[in-house]
Amino acid sequence: MTISRRTLLVSALLSAVMLSACGKKEAAPAPAAEAPAAPQVKEYVVGTDAAYAPFEFENEKKEVEGFDMDVLRAVADKAGFKVKFVNTPWEGIFATLAQGDRDMVISAVTITDERKQSMDFSDPYFEARQLIAIGKGVTDVKKFADLKGKKVAVQTGTTGDEVVQKLLGKTSADIKRFESTPLALKELESGGVQAVVADNGVVINYLKNNASNGIATVADNDSFAPEFYGIAVKKGNAELQGKLNEGIKAIKADGTYDKIYAKYFGEKK
Ligand code: ARG
């Protein structure tokens, strides 16, 4: 019994070796035919700072929702993968990519040269600009430079923080930094600062949905360059970057993107 089994095994092994030595011409079952497994849909973990309506926010059920989520889900649909959103504080959000805790970050992230040194981005999917919000009774701010000598709140480490640093100085005591943009705007409401500088879409959305206590906005297109949001991936992850770009292209081409855009911002002008 034992011997004959062993003999069988040896001859089976031998023929396997011979078959594979003969190469593909042999009529042996092709490896692919042996594994008819269902196509595996990869699920990626996505970091987002969900305190940034309408781009990302938590609904009553504590689920992450928003423009970015709709965009990425549609992109994933086209490119054949799944996504799982994980609410992640803005501070340190990019480090999660390098550490491998998140596969990508979609969080209204502006593509900047500095960030490009430590991560890679998809093609842009949204255009934004900084916007100044001024508090009740502030009448002498007509342009960005007028913020000199004023107290300004920003979300730490955002492009808003960067532009204000350029104007007031990196270590200026007049810059008050907050971990989220809504907190910066609350500070403006309560009179702790005279202005906030942040992404236009978020400021406008906030003022629309909150009793914002006399806050007004000042646009300054001469001082603020257009910014473009991209989806960030770990530096060198060209495979995922490629899938994202493929999906973005597809949703722009077939009207899906425009539908999502209209849902959040109205028809494009
Ligand atoms: N666009 C700005 C930046 O990239 C602000 C983004 C903040 N996003 C957020 N979900 N908190 O710096």
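This text follows the structure it describes.
Residues numbered from 1 in each chain as written. Predicted model: local features only at pLDDT ≥ 70, side-chain atom pairs only at ≥ 80, totals over all residues. Heavy atoms only, no water.

Caption draft 1: Layout of the environment of Ser 212. Within the secondary structure layout, Ser 212 lies in the loop between helix H8 (200-209) and strand E13 (216-218). For the pair Ser 212 and Ala 108, spaced 104 residues apart in sequence, the C-alpha separation works out to 23 Å. Setting aside chain neighbours within four positions, we find Ser 212 in contact with Glu 189 and Leu 207. (Helix = DSSP H or I, 4+ residues; strand = E, 2+ residues; numbered from the N terminus. Contact = heavy atoms within 4.5 Å.)

Caption draft 2: Structural context of the sheet that holds strand E6 (residues 104-105). If you trace the five strands from one edge of the open sheet to the other, you get E5-E1-E6-E15-E7, paired in mixed fashion. Two strands lie at the open edges of the sheet, namely strand E5 (82-87) and strand E7 (119-121), each paired on one side alone. Contacting strand E1 (43-48), E5 and E6, helix H3 (residues 67-79) runs over the sheet at an angle of about 155° to E5. (Pairing = 2+ DSSP bridges. Axes fitted to C-alpha atoms, helices over the stretch in contact; angles between N-to-C directions.)

Caption draft 3: Structural context of the site of the ligand. Close contacts around the ligand come from 14 residues, with Asp 49, Ser 107, Ala 108, Arg 115 and Asp 199 the closest. The separation between a nitrogen atom of the ligand and a polar side-chain atom of Asp 49 is 2.7 Å. Asp 199 has a polar side-chain atom sitting 2.6 Å from a nitrogen atom of the ligand. In isolation the ligand offers 340 Å² of accessible surface; the protein chains occlude 100% of this area. Grouping the amino acids of the shell around the ligand by side-chain chemistry returns five nonpolar, five polar and four charged. Residue-level mapping places the shell around the ligand at the junction of two domains, with at least three residues from each of domain 1 (43-127 + 228-265) and domain 2 (130-218). (Near = heavy atom within 4 Å. Polar contact = N/O pair within 3.5 Å; in protein donor to acceptor, adjacent residues only side chain to side chain. Areas by Shrake-Rupley, 256 points an atom, 1.4 Å probe, with all protein chains shown as cover. Nonpolar A, V, L, I, M, F, W, Y, C, P; charged D, E, K, R; others polar. Domains from an automatic or database assignment.)

Caption draft 4: Fine view of the packing of aromatic side chains. Applying the stated criterion across every chain yields a total of 21 aromatic pairs. Their ring planes at 90° and their centres at 5.9 Å tell us that Phe 55 and Phe 67 sit as a pair that is edge-to-face. You can see Phe 55 sitting in the loop between strand E2 (51-52) and strand E3 (56-58) and its partner Phe 67 sitting in helix H3, a full twelve residues away along the chain. You'll find Phe 55 and Phe 67 in the same group, each marked buried. With 6.4 Å between their ring centres and 45° between their planes, Tyr 264 and Phe 265 make a pair best called tilted. (Phe/Tyr/Trp six-rings, centres within 6.5 Å; stacked < 30°, edge-to-face > 60°. Buried < 20%, exposed > 50% of the residue type's maximum accessible area, 1.4 Å probe, protein only.)

Caption draft 5: How the structure looks around H3. With 13 residues, H3 should reach 18 Å at 1.5 Å per residue; the first-to-last C-alpha distance of 18 Å fits that figure. When H3 is considered as a whole, its buried residues turn out to be Phe 67, Asp 68, Met 69, Asp 70, Val 71, Leu 72, Ala 74, Val 75, Ala 76 and Ala 79. Phi turns positive one or two residues past the end of H3, at Gly 80, with a value near 80°. (Expected span 1.5 Å × (residues − 1).)

Caption draft 6: Structural view of the packing of H3 against helix H10 (residues 256-265). As a packed pair, H3 and H10 sit with axes 10 Å apart at the nearest point and diverge in direction by 165°. With respect to their mutual orientation, H3 and H10 come out roughly antiparallel. Handedness of the H3/H10 crossing: right-handed. Contacts between H3 and H10 involve Phe 67, Asp 70, Val 71, Ala 74 and Lys 78 from the first element and Thr 256, Tyr 257, Ile 260, Tyr 261, Lys 263, Tyr 264 and Phe 265 from the second. (Parallel < 35°, antiparallel > 145°, perpendicular 65-115°, else oblique. Left-handed = near helix turned anticlockwise from the far one by under 90°.)

Caption draft 7: Focus on the pairing of strand E12 (residues 195-199). Here E12 lies mainly inside the structure; five of its five residues are buried. Of the pairings in the sheet, the one linking strand E10 (residues 152-155) to E12 comprises two bridges and is parallel in character. Each bridged residue has a counterpart across the sheet, and for Val 152 the counterpart in E12 is Ala 195.

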